[in-house]
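# Inside the fold
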Amino acid sequence: GRGPTSITDMILVNSPHTETGWLIVKKTTVALYDDGVYLASFHGYNGMPFKSVSKLVDHVAAVLAVIPKGSPAVFAGDFNTWSKEHVDAVTNLMMNDGFMLACSWPYPGRKLPLDHAFIRDIRLDSYTTYQNESDHIGIILDLHL
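Notes on the structure follow. (Residues numbered from 1 in each chain as written. Predicted model: local features only at pLDDT ≥ 70, side-chain atom pairs only at ≥ 80, totals over all residues. Heavy atoms only, no water.)

### Some words on helix α1 (residues 53-64)
Compared with the 16 Å implied by 1.5 Å per residue over 12 residues, the 16 Å span of α1 between its first and last C-alpha is a close match. All buried positions along α1 are accounted for by Val53, Leu56, His59, Val60, Val63 and Leu64. Considered in projection along α1, the buried side chains sweep an arc of 140° and stay on one side of the axis. Against β1 (7-14), β2 (27-33), β3 (38-43), β4 (73-78) and α2 (84-96) lie the buried residues of α1. (Helix = DSSP H or I, 4+ residues; strand = E, 2+ residues; numbered from the N terminus. Expected span 1.5 Å × (residues − 1). Buried < 20%, exposed > 50% of the residue type's maximum accessible area, 1.4 Å probe, protein only. Arc of directions from axis to C-beta. Contact = heavy atoms within 4.5 Å.)

### Details of the packing of α1 against α2
Contact geometry for α1 and α2: axes closest at 10 Å, N-to-C directions at 25°. Considering their axes alone, α1 and α2 lie roughly parallel with respect to each other. The two elements α1 and α2 cross, and the hand of that crossing is right-handed. Contact residues: α1 offers Val53, Leu56, Val57, Val60, Ala61 and Leu64, while α2 offers Glu85, His86, Ala89, Val90, Leu93 and Met94. Grouping the amino acids of the contact of α1 with α2 by side-chain chemistry returns 10 nonpolar, 1 polar and 1 charged. (Axes fitted to C-alpha atoms, helices over the stretch in contact; angles between N-to-C directions. Parallel < 35°, antiparallel > 145°, perpendicular 65-115°, else oblique. Left-handed = near helix turned anticlockwise from the far one by under 90°. Nonpolar A, V, L, I, M, F, W, Y, C, P; charged D, E, K, R; others polar.)

### Some remarks on the sheet that holds β3
Read across the sheet, 6 strands follow the order β1-β2-β3-β4-β6-β5 without closing on themselves; strand pairing throughout is mixed. A strand with exactly one partner marks an edge of an open sheet, and here the two such strands are β1 and β5 (100-105). This sheet shows a mean twist of 15° between the axes of neighbouring strands, independent of strand direction. Running at roughly 155° to β3, α1 makes contact with β1, β2, β3 and β4 of the sheet. (Pairing = 2+ DSSP bridges.)

### Digging into the nonpolar core
One finds Val60, Val63, Ile67, Phe75 and Met94 to be the most contacted residues of the largest nonpolar core, which totals 19 residues. Of all the elements in the fold, those that place two or more residues in this core are β2, β3, α1, β4 and α2. When residues of this core are assigned to their parent elements, the largest contribution, 4 residues, is made by α1. Excluding anything up to four places from it in sequence, Val63 contacts Val13, Thr28, Val30, Ala40, Phe42 and Phe75. In this structure, Trp105, Ala117, Ile119 and Ile122 belong to the second largest nonpolar core, which totals 10 residues. (Core = buried A, V, L, I, M, F, W, Y, C linked by side-chain atoms within 4.5 Å.)

### Focus on the packing of aromatic side chains
Under the definition given, this model contains 5 aromatic pairs. Between the aromatic rings of Phe79 and Phe118, the centroid separation amounts to 5.4 Å while the plane-to-plane angle is 65°, which identifies the pairing as edge-to-face. Of the two residues, Phe79 sits in the loop between β4 and α2 while Phe118 sits in strand β6 (residues 115-120), which places them 39 residues apart along the sequence. In this structure, Phe79 and Phe118 share a single accessibility class: buried. Counting every residue linked through ring pairs, the aromatic cluster contains Phe42, Phe75, Phe79, Phe99 and Phe118. Over the ring of Trp82 we find Lys51; its NZ or CZ atom is 4.4 Å from the centre of that ring. (Phe/Tyr/Trp six-rings, centres within 6.5 Å; stacked < 30°, edge-to-face > 60°. Lys NZ or Arg CZ within 6 Å of the ring centre and 35° of its normal.)

### Quick word on unusual backbone geometry
Here the phi dihedral of Asn80 falls at roughly 50°; this positive angle occurs in a residue that is not glycine. Looking at where Asn80 falls in the secondary structure, it is placed in the loop between β4 and α2. Unlike most non-glycine residues, Asp121 shows phi in positive territory, near 55°. By the secondary structure assignment, Asp121 is in the loop between β6 and β7 (123-130). Relative accessible area serves as the criterion here: at 53%, Asp121 is assigned to the exposed category.

Written out as structure tokens, the structure is:
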């Protein structure tokens with residue numbers, strides 16, 4: 001396959017909603033690579049203790065707004081999908097923007113995953129999860145244009 005590519009631009013996207021007494025704003029980094037692929041490293045709106053579906057959807061939509069439609073992209077990370085309603089709402093929004101759910105991986109002690117990878121105009125060949133210092137399991141995606 002091809003070798004690594006270089007980042008040519010980075011965009012920081014703040015969640016449109018604050019958390020925990022208006023003190024925390026989740027941030028997402030979107031990187032553009034020189035091969036035209038966008039990568040969104042996502043940590044979604046959590047909304048403790050209320051876990052608002054609409055505010056999570058707003059956060060996902062804010063990130064989607066900076067990724068040009070039709071561009072190949074990976075949108076992955078901790079979506080804080082606490083319920084089936086969260087998963088369905090996020091998946092529907094992503095599918096409406098041309099993404100497909102490539103994989104989800106478990107969060108320790110939960111039935112529903114919090115972590116997901118969505119792809120658009122990219123092929124997922126395989127993925128591997130691994131333990132690390134985070135409370136979330138890490139993932140390595142093997143992707144091809």
